Each structure stands twice: as C-alpha cells, then as structure tokens.
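In case you want the letters, here they are:
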Protein chains: 2
Amino acid sequence: MIDVMLLGTGAMTPLPGRWLSSALVRSEGSLVLLDCGEGTQVAMRERGWGFRRLDALCLSHLHADHVAGVPGLLHTVANAGRTSPLHIYGPAGTVDVIEGLRTIARDLPYEVRVRELASGDEIDGPGELRIRVAAGEHRVPVLGYRFGRSRAPKFDADRAREMGVPVKAWSVLQRGEDVEVAGRVFEPSMVIGEQRSGVALGFATDTRPTDTLRELISGVDLLIAEGTYGVDDDGDKAITHRHMTFRESAQLAAKAGVGHLWLTHFSASMLNPVDWRGNATDVFPHVTIGRAGLEGRLNFDTGYEEIQMKEECRGLSH
Amino acid sequence: MIDVMLLGTGAMTPLPGRWLSSALVRSEGSLVLLDCGEGTQVAMRERGWGFRRLDALCLSHLHADHVAGVPGLLHTVANAGRTSPLHIYGPAGTVDVIEGLRTIARDLPYEVRVRELASGDEIDGPGELRIRVAAGEHRVPVLGYRFGRSRAPKFDADRAREMGVPVKAWSVLQRGEDVEVAGRVFEPSMVIGEQRSGVALGFATDTRPTDTLRELISGVDLLIAEGTYGVDDDGDKAITHRHMTFRESAQLAAKAGVGHLWLTHFSASMLNPVDWRGNATDVFPHVTIGRAGLEGRLNFDTGYEEIQMKEECRGLSH
C-alpha cells in the first residue's frame, strides 16, 4: 500500500491560497516528499503527516519553485527531532544546489545525503519503495519518478497444511528458503504461488510528454502529472516552455495505461483548473484535478482509491 | 511621510496562518522590505503593495527564518518587470549567504547589489530614506535599523513676498542657493525658517535590548521590535536565546522615547500574543500587538497614525 497526498498545485510562484506543486508519499510509515518549493513546509504542516519520518526528498528538477523550500524544511525536520539521515535525490546539479541552499542550513542533527540520479537509475528507497527515474524534457535536466512496491507472492496456506509443513516454518518458505522438517525437505515452490503485481505511483512534472517517460510510468496505479495549461489553445506555450496541456498529460496517461491521473502544477493565470477537466477526460476518463490535500491510496488488491477529505476544502486552495 | 506594514509576525518557522516576521516600508513610492523568510513573498502579494518598486531589502541577520525567502522573491520581482538594481543590505556574511541562495536565482533582468553594513554605518537609501544601523546582540551578527526622512525647513512665503522675491526664484532659495534679482542678492537665510524634524522608523529584531540599539532608535515615531515571549516568566529563555520579552521590548521603547511600539516575531508556542499585551503596556502605553497587514503612517506633522484595515483580518493571521 502507498498513500499519497498533494500539498500544492501551483507553478512558478507561491500564491495566496495556492501552494507550489508538491506531493507527499507515505509507505510503511516512511515519508517521501516530491519537490519542495517555497512554502511547502507550511502545506505539510497543514496536512499533518509530520516531519520527523521524512526519509527522502525527490526533486524533479532544480528550478526555484521546486527547491527553494529546502533549507526551511531541513530546519523544521530538525526541530521535529530527526537524527537519522535524510536522502535527497535529484538530477545532475543537485549536489551544488543543495550545497548553495545549505548556506543557511548548515548545522543539523542529522546527515543530509544528496545523490544525483541519471535516467534509468533504479534504487531502493525508504518504506520498501523501489524508485526508478527517467529523463523528461524541460529547459533544464528533469527527472520523472516511479515509486513501486512489490508484493510477496501468494502463500498457499491450505496446501502447506495438506503437506504437513509446520506453521512455524511458513515464514522461512515465504522468505524463499528451504526447510527441513523431520528429514523431509520442503521447497518454497511447493507452497508459493505465482508472482503478484504490486502497486506503483508515477510523478512527472515540468516536462514535455516523451516516450522515455511513458515507458517509466507504464501501468502505474496513479500518475501525478503536470497540466500547466488547461486550455488546448495554450499548446504552443506548452511547447515553448516545455510543459504539458491537460490534454497532452491525459494522452500520456492513456498511452502509458495508467490507472488514474492527478493533474497539478497549474499556471497562475488559470484560476479554476477544474473548468478545463473536459480537455483531459476527452482522451482519458480517470482524471482528478489536483487540489491541496487531495489524498489517494494505492491498494494491493484494489488499486487506486481516492480518500475523501476529512475537512472542508480550504478557501481558495486548489 | 513613511508608510509601513507588517507582513508577518512569526518566529523560527512559517506556520499556517502566521507568516514569518517581516515588514514593508514605503516612501515616495519606493519599497523597502525588512527581512524575507520563507513565504514573505506570498504575504507581500496578499497585501498588494507590489513587487516592481522594491528598491531595497534590509536583513537584520542571516538566520533562515529571515532570509530563506530571498531567491523566490528575486524571481517574483523579476516577473514583475523590474530592471533597475535591487540593493540588499545586511550584517557581515550577507554576501556569502546571498551568493549561496542565488544558486537558484542566477539569471535576473536586474542587478542585485549586496552590501554588508557595520554598526554605525549610515547610508542613503531609496525613497529619500536615510538608513542607519547599529549592532544588536544575538547568537549571530545582527543589525538594528533606523529609517529617517528629513524635512525641508519651513519657507516663509509671507516674508519672501514682503522682501519682493519673485515667486520663480523661491525654489532656488529653497535649494539653499543665493538669487540675484535686479541687482539685489537674496540669501536663503532671509526666508528659510528653522530646521524641522522629519519622521523616523526603528526596526529591532532577534536581539537583546542594548544601549547601542537604544541610541539608534532614540525618538523614532514608530519602533517595530521583536517580542518573542509574551510571558514575563520566559525572561530566562529570552536571555538564553538572545531575544526579548514583551516587557523588555516595551522598556527599550520607553527608554528610547519612541512614539509607538509594534511588537512582532512571536514564538510559535504563543497562540494569542494579544493576551500578553499588558506586560508591555505596564511599562510603555503606546503598544500595538503586531498582526499581518497592520499598517501605519508616519506623518511629518502628526507623527504615528495607525491605518485602519480595509479588509477583515484574515482567519488566523496575527
């Protein structure tokens, strides 16, 4: 299971009532933050998932509206009592940018480990998440992310009982090891069923739609993608500034066969992004227009599910 | 005349409903921002004084909660169309910190001129403001600021008419130059009255009360000062962390003979700073507990005046 929440949906500059685009992922209690513009820590505080368990920050790219909140966040995580290392991942250049920003966040009670990733890299993240990245296409290096959680193959308990495998030996077989009981050897293949698919989340912002990204996010349960422009007529702007329209983002989602699409990273000139939802659903039906506090859950059995908000949507936040 | 507005009142970390402590000064159309923590640009946008005319940023010190908003602000000022230089003043170390933060704000359509000031320095700022600084006492170098506007001496029009000075020559005399009319020389002293006092604003945050600061802010019409702790019992904390209680700040105001005091920079643990106003007014009567959007005007003739808010105070903002 992976929980995910949008913290903000804005592009370029934080606005009253619209935090900059970022998202928070929770898996096995670990938190992973996706992008951190100015004010993201305030949005995090509003949402109440805490700061101390923030194990990783994944940066799409190094434009200020996606990273300027890093030094403040590092202080706030420190004040929350964190002492174990915090990992920061991002594209080429991340080490220098974090070093520059840490001019005002030098002394922290935990280590900050920065690692630059290249297209195709795959690493073990916190919370049993497998993180894979691929290059997008923007004015600067940008990465799309895929966060996957695999699932153990089904264990056939009935069959194990039939074969007389003692219950205390089940976990050994589940780990993939042989067990010898009273001179008889049991192998995992006897009781372990077929591989089961896990769940996966995709994140693609500040990019044109590309084949590389499509492959990266292929079949994810939920894709969080930018839709900087709602109106189809802004297609030229999207090309010039290396962004996507709602329609382009939805086309990417459709081609990649994702389960559901959240649109975010809205141009400041777009006051009511929901007005243009039809431009996305024209080509892909399962679209939610992002808003701060939008929550989803990726279930092993049932896939994507939207969590109903516990509180009324705040004033202008969308 | 000087206009001034509080943008936020928080210490250490930006909170939902409480922006970090900072203030905006307006004089002759020029804007000067005092401190710029994370989110200050959002507070500025909420208040509507604009960004393009931001001529100077004065930093009290270099802790993240007073400077982390700089890179985002620089971009927003650029987007507002500024092309003329923006000055940044601050204590020793400012050049390095701004250089570090500009890792994500390199290419701007205007020049950023950073100047480190030392205690006692006095410079000409924008908007006919004379800026003087003095060292405070904090865990890192900190500066208090005094912003003064002088006023031209009174011109005695009746006397000028009596003496037969042609009206077109008045402005020359007002500039302090002699004028010869029909062989007769008029000197400024003949028609220029006594020097008139101008107006002045003081700003002292993240500091203990010191004699040096008291001298700096002596007689200002309005002092914006930190009151990190409302409760007198937090006096020990104030000493340890090099801050002031409401009472200490009010004592400083009283000793310096200021006209009015705004308290700001409230500890996050103080939910309703106004509850502790009495600890300040015990020693100095003219105290306003700061809130985002609090506006004042320093008039040449009448001194400090609080501007009534045009809109209802926003939710939790104080």
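All of these numbers come straight from a predicted model, not from anything done at the bench.

With that settled, the discussion passes to the overall build of chain A. A tally of regular secondary structure across chain A gives 10 helices and 17 strands. A compact globule built from 318 residues would reach a C-alpha radius of gyration of about 20 Å, and chain A, at 21 Å, matches this within 12%. When the backbone C-alpha atoms are referred to their principal axes, chain A occupies close to 70 × 50 × 40 Å. For chain A, the residues scored as buried account for 51% of the 318 residues in total.

Counting residues at the interface gives 27 residues for chain B and 27 residues for chain A. Secondary-structure elements contributing two or more residues to the side of chain B that touches chain A are α1 (40-47), α2 (64-67), α3 (70-79) and α4 (94-101) of chain B. A total of five residues in the side of chain B that touches chain A trace back to one element, the largest contributor, which is α3(B). For the side of chain B that touches chain A, a count of residues per class yields 13 nonpolar, 10 polar and four charged.

Moving on to the sheet that holds strand β17 (residues 303-307) of chain A. Residues and elements named next belong to chain A. Here we have eight strands laid out as an open sheet, ordered β6-β5-β4-β3-β2-β1-β16-β17, and mixed in their pairing. The outermost strands of the open sheet, each flanked by one partner alone, are β6 (112-116) and β17. Geometrically, the sheet is characterised by an average inter-axis angle of 20° between neighbouring strands, direction not taken into account. Where strand β5 (residues 86-90) and β6 come together, five bridges link them in parallel fashion.

Right, let's get into the confidence of the model for chain A. Taken as a whole, chain A shows an average pLDDT of 94; of its residues, 97% reach a score of 70 or greater. Overall fold confidence (pTM) sits at 0.90, and the ipTM for the predicted complex is 0.89.

Quick look at the sheet that holds strand β7 (residues 122-124) of chain A now. Sheets are built from strands paired through backbone hydrogen bonds, the pairs being either parallel or antiparallel. Residue and element names in this part refer to chain A. The mixed open sheet is built from seven strands, whose spatial order is β7-β8-β9-β12-β13-β14-β15. On the outer flanks of this sheet lie β7 and β15 (287-289), each paired with one strand and no other. When the angles between neighbouring strand axes are averaged without regard to direction, this sheet yields 20°. With six bridges joining them, strand β8 (residues 130-135) and strand β9 (residues 143-151) adopt antiparallel strand pairing. Its bridge partner lying in β9, Ala 135 is registered against Leu 143.

Before going further, it helps to examine the relation of the copies chain B and chain A. Screw-axis analysis of chain B against chain A gives a translation of 0.0 Å along the axis, an RMSD of 0.1 Å, and a rotation angle of 180°. With respect to symmetry, the two chain copies, as superposed, fit the operation of a two-fold axis. Among all residues of chain B, the minimum C-alpha distance to the rotation axis is found for Gly100(B), at 2.1 Å. Looking at the interface residues of chain B, 100% of them are also at the interface in chain A, so both copies use one shared face.

Residue and element names in this part refer to chain B. Take Leu 222: it is sitting in strand β13 (residues 222-226). Residue Leu 222 is classed as buried on the basis of its C-beta count, with 29 C-beta atoms lying within 10 Å. Once the C-alpha coordinates of Leu 222 and Val 95 are considered, the two residues, 127 residues apart in sequence, prove to be 29 Å apart.

Here we take up the domain arrangement of chain A. Domain assignment breaks chain A into domain 1 (2-151 + 200-307) and domain 2 (154-193). Here domain 1 of chain A and domain 2 of chain A have C-alpha centroids that lie 41 Å from each other.

The next point concerns the environment of Leu108(A). Residues and elements named next belong to chain A. The residue Leu 108 is located in the loop between α4 (94-101) and β6 in this model. Classification of Leu 108 by C-beta neighbours within 10 Å gives partly exposed; the count is 15. Taking the C-alpha atoms as reference points, Leu 108 and Val 4, 104 residues apart in sequence, are found 27 Å from one another. Excluding its chain neighbours within four sequence positions, the residues that come into contact with Leu 108 are Leu 74 and Ala 78.

What counts as what
Residues numbered from 1 in each chain as written. Chains lettered and ligands numbered in written order. Predicted model: local features only at pLDDT ≥ 70, side-chain atom pairs only at ≥ 80, totals over all residues. Helix = DSSP H or I, 4+ residues; strand = E, 2+ residues; numbered from the N terminus. Rg over C-alpha atoms; globule rule 2.2 N^0.38 Å. Buried ≥ 20, exposed ≤ 12 C-beta atoms within 10 Å, placed from the backbone. Contact = placed C-beta atoms within 7 Å. Nonpolar A, V, L, I, M, F, W, Y, C, P; charged D, E, K, R; others polar. Pairing = 2+ DSSP bridges. Axes fitted to C-alpha atoms, helices over the stretch in contact; angles between N-to-C directions. pLDDT = per-residue confidence, 0-100. Least-squares fit on C-alpha atoms with pLDDT ≥ 70 in both. Domains from an automatic or database assignment.

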